[in-house]
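# Inside the fold
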Amino acid sequence: MRQQIEDALKGHDADFVEIRVEETEATTLSYRGKELEEAGRTANLGGCVRAAYKGGWGFVSFNDLSGLRQNVDLAVRQARLVGKEETNLAPVDPHVDIVGLSLVKDPRGVPLADKKRLMDEYLEAAWSRSPKIQTTNAAYSDGWRKVSYGNSEGTYVEQQRARAVARVVVFAREDGNVQQSRASFSTTSNYDVLTGRHAEVAEAADEAVALLSAQDATGGEYTVICDPLIAAVFAHEAFGHLSEGDNVYENEKLRDIMVLGRKFGQPFLNIADGADPGVYPGQPGTFRFDDEGTPTRKTYLLKEGVLVGRLHSRETAGKLKEQVTGNARAQSYRHQPLVRMTNTVIEPGDSSFDEMLADTKQGIFVKDWYGGSTTHEQFGFSCAQAWMIRDGKLAEPLKGTTLSGNLFRTLENIDMIGRDFEWTESGGTCGKGGQTAPVGSGSPYIRIQNAVVGGR
Amino acid sequence: MATAARTHNAQGAQTTNPSDLASVAQQVLDIVKSRVEQAEVYGYDTASTPVDFEANRLKSLETKQSRGLSLRVVKDGRIGLAATTKMGDPQLLVDQAIELSAFGAQARFQLPSSISSSSGNNVTVFDPAAESLSVEQMVSLGEEMIARIRAYDSEILCEAGVRRLTETTVLLNSRGGQGQYRKSSFALVIGGQLIRGEDFLNIWEYESACGPNIDQQALADAAIRKFELAKHVAKAQTKRQPVIFAPRGVAGILWGPMSAALSGKAVYQGSSALSEKLGQQVFDPRLTIVEDSTYSGVPSSSPFDDEGVSTRRLPLIQDGKVASFYYDLQTAGLAGKESTGNGYRSPESLPGPHTGTIFFEPGDTSIEQMISGIDEGLIVESVTGNAGNIFSGDFSGNIQGGFKIEKGQIAGRVKDTMIAGNIFQDMKQLGGISNVADWIYGQAKIPHILFSELGVSTKSDRQ
């Protein structure tokens, strides 16, 4: 593959050309209720070429690898039709690296019958909890991916990655009221991480049943304590997207707002992002080189409450004259890389959850999430479970609520940060520009003043 | 082993000759059919050339070609699935599908022995004008839309996209069913961002059709109208109040929980709140929703679904009563029903129930009357953060595209404001349905829907 890629890159007529070839395999078991509905296997092979000429880009993607040189020519032709300015890519020293898998227990080596047995046991653990369990949706999937990347500067990188996810969503029902909760486990290196977690599945079933008798929240402004999952989603949704260099690099007004050195939060607020396996090993967003062959690292976005960094591709870093960060990611060979988050964290602080709770006269405690989204200064996400807080204690349970607000105000309004850090394990993905990317996120508990909670 | 012939179209894109996709699919079927009770090969070949504009100018040209096969088998009564984009090893695909069938579900269907659109229907979803459109023409459409917006306000940072896609779908099965069709889709996206201080305004418009017959000026003008209305920010109040969902709001916010509840799969599993409500009055009697993927000219239609079952006109909600759920073959078999021609799939998974082209029937109130009849309320097009418990019928979110109505007039856009509701509780008695329905996204025709009151919460002025 290396020779094939290097040959195709010779003698082109652009400022920069890169080729990415990807091979994937995946196995899926998905259940409808207690029954295994789908046992499926996928194998993919495809490639793409990206060319830059005078700041314009041409991109070609294909499944047939035999016409690699013609595809380079086509990508270059397209770039030449577009480019009228200047190609400005931040420098990356050319390098050759072959990155293998470091696995503790390869999910691909585990017999399919064992995986099925594991999921059957988890389903039994959920169904046996209550007659109010109406149904479940569950799936196991594992996948392997190998990417071979080469560019016209002489960089060549091969990387392999693995991932396995087991998820059970439990639905409880009483008359017309349907509520859900889920248990989700994921790993990038060790199948055993997914096993032996029947208690957590049973807990999800209990949560779904408990939600049947929860009240709707009353909409309004509240002091909100977020569990680590929600706090991590908040960091990702509310702040991470504004830190992506491609939102900023051609947007002068946004750059005026996201000016390095500006204070966004209290001095105990630190938010970082990175894919570097040396810093955040084994997380869904962990890898050594991004999809432009740039080495990854840890990038502080907020340090002591102050904006100190951004996430970049070579183009956004080049334009803003900042350092590359290794955040250029493409969902697959069918896509151009975009600036994406990798693993995003809020670093731990000084408080404990008990202290936060005791200090809150009235508020809401929110736990676990369904999903969220951001449009620049407004973010929003759905919380799976919630409880009123009254006089420093957890009170009546509420049905899932939504939390939203103005990012800038909300960051300023984080007034307590916990000391117990947790990684989320929901196997979550982030969507941007029509592409999904697996991301990691972690945080301690946090407390936010004046958050807007949606309710009836 | 057949070598697929390559051709280059005008833009240099390589596409597999459609007859070669069919012949590779036939090869797979020939190898597998003697080893299994039923087999189905689904093949696709897609070529697309997106044109993208960023920061007011052309940024990239893309050529994307992809093709692959998906093989579904029934062996010893059980279903196995294997999918690939590696076309060179049909034997491996067959072996994998058969191996997996040992773990699969019991099949409850017979694949159709004949594949075609339902009699009397000529469903056309391919427009040769989309295929012959040149890249230069596509670029100039984008430039025109951007120029129009910037002539209105040069501070707006514009993005645009012009998309053209052609695809061939091939379906063959061991019961003799054979079908093939081509589809084209053309889409325009235009929008921009306006930042004043820390106030962000993002507006975009999108439309799609099978052919290049979208009015690019009208689309740009629609965006401009919204920029104009959004110039002022109006303060909403935290209280229950009338809310109008514009067609995009209905599609983006209400249709999710509705379609989840009408899915034959959710009904069969009991996760739908409508499981026991077939024939019953659940919504306002003025609400009628029909799924009709036989409607030509829009990319959400097709002559038959991804299992070869013909599409047809399917009333889902009739006069507020639950008229039908929608099914694929397997779900229908499990539920003791017939497939409704709603079995769609991504290449890498088994078919499941999904909807195609959707029609909400118009009502009897004009949009002007709806708005002028509201003393204080909202009109909503999009929200962010709506990802809650879809099966409970809940919807909520932070309003992204929405305006306040004051004394019968649109007063300005709202910010920091959330709405929340439940389709089963809040749509039993609607305030009204508009008498005009609009095509949106090339997949649904929807009117404005007025809720007499809905929960609205907003940030107070103290900070």
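The preceding data block contains the structure.
Presented here is a report on the structure given in the accompanying data block. (Residues numbered from 1 in each chain as written. Chains lettered and ligands numbered in written order. Predicted model: local features only at pLDDT ≥ 70, side-chain atom pairs only at ≥ 80, totals over all residues. Heavy atoms only, no water.)

So, on to the overall build of chain A. Along the backbone of chain A there are 10 helices and 24 strands. Considered along the principal axes of its C-alpha atoms, chain A spans approximately 70 × 55 × 35 Å. Looking at the 456 residues of chain A, the share that counts as buried comes to 63%. Relative to all contacts within chain A whose residues are 6 or more apart in sequence, the contacts with residues 24 or more apart total 73%. Roughly 15,800 Å² of accessible area belongs to chain A as shown, and the carbon and sulfur atoms make up 47% of that amount. Both charge centroids of chain A, one from 52 positive and one from 63 negative side chains, sit 2 Å from each other. (Helix = DSSP H or I, 4+ residues; strand = E, 2+ residues; numbered from the N terminus. Buried < 20%, exposed > 50% of the residue type's maximum accessible area, 1.4 Å probe, protein only. Contact = heavy atoms within 4.5 Å. Areas by Shrake-Rupley, 256 points an atom, 1.4 Å probe, with all protein chains shown as cover. Lys, Arg positive; Asp, Glu negative; His and termini not counted. Charge placed at Lys NZ, Arg CZ, Asp CG, Glu CD.)

All right, on to the overall build of chain B then. Broken down by element type, chain B carries 10 helices and 22 strands. Computed over C-alpha atoms, the radius of gyration of chain B comes to 24 Å, within 12% of the 23 Å expected from 2.2 N^0.38 for 463 residues, which places it in the range of a compact globule. Each principal axis of the C-alpha atoms in chain B carries an extent, and together these give about 70 × 55 × 45 Å. Out of the 463 residues in chain B, the part that is buried amounts to 62%. Nonlocal contacts in chain B, meaning residues at least 24 apart in sequence, comprise 72% of its contacts between residues at least 6 apart. As presented, chain B carries roughly 16,700 Å² of accessible surface, and 48% of it is formed by carbon and sulfur atoms. (Rg over C-alpha atoms; globule rule 2.2 N^0.38 Å.)

If you walk through the whole model with that rule in mind, you get 21 aromatic pairs over all chains. With centroids separated by 4.7 Å and ring planes inclined at 35°, the aromatic side chains of Phe353(A) and Tyr445(A) adopt a geometry described as tilted. Of the two residues, Phe353(A) is situated in helix H9 (residues 353–358) and Tyr445(A) in the loop between strand S23 (440–443) and strand S24 (446–454); the sequence distance between them amounts to 92 residues. When the ring of Phe283(B) is compared with that of Phe424(B), the centres are 6.2 Å apart and the planes differ by 20°; the resulting orientation is stacked. Of the two residues, Phe283(B) is situated in the loop between helix H7 (264–269) and strand S11 (289–292) and Phe424(B) in helix H10 (residues 423–426); the sequence distance between them amounts to 141 residues. The two residues Phe283(B) and Phe424(B) agree in class, both being buried. Ring pairs connect the aromatic residues Phe353(A), Phe365(A), Trp387(A) and Tyr445(A), which therefore count as one cluster. Residue placement shows Arg182(A) over the ring face of Trp369(A); its charged tip is 5.7 Å from the ring centre. Above the plane of the ring of Phe408(A) lies Arg262(A), whose end atom (NZ or CZ) is 5.4 Å from the centre. (Phe/Tyr/Trp six-rings, centres within 6.5 Å; stacked < 30°, edge-to-face > 60°. Lys NZ or Arg CZ within 6 Å of the ring centre and 35° of its normal.)

Let us look at the side chain of Lys432(A). Residue and element names in this part refer to chain A. Topologically, Lys432 is positioned in strand S21 (residues 429–432). Here Lys432 falls in the buried class, since its relative accessible area comes to 14%. In contact with Lys432, other than residues within four places in its own chain, are Glu244, Asp246, Asn247, Leu338, Val339 and Arg340.

Attention now goes to the packing of helix H3 (residues 112–127) of chain A against helix H4 (residues 198–212) of chain A. Residues and elements named next belong to chain A. The N-to-C vectors of H3 and H4 enclose an angle of 40°; their axes lie 8 Å apart at closest approach. Judged by the angle between their axes, H3 and H4 are oblique. For the element pair H3 and H4, the recorded crossing hand is right-handed. Along the contact surface, H3 presents Glu121, Tyr122, Ala125 and Ala126, while H4 presents His198, Val201, Ala202 and Ala205. Residues that form the contact of H3 with H4 fall into these classes: 6 nonpolar, 1 polar and 1 charged. (Axes fitted to C-alpha atoms, helices over the stretch in contact; angles between N-to-C directions. Parallel < 35°, antiparallel > 145°, perpendicular 65-115°, else oblique. Left-handed = near helix turned anticlockwise from the far one by under 90°. Nonpolar A, V, L, I, M, F, W, Y, C, P; charged D, E, K, R; others polar.)

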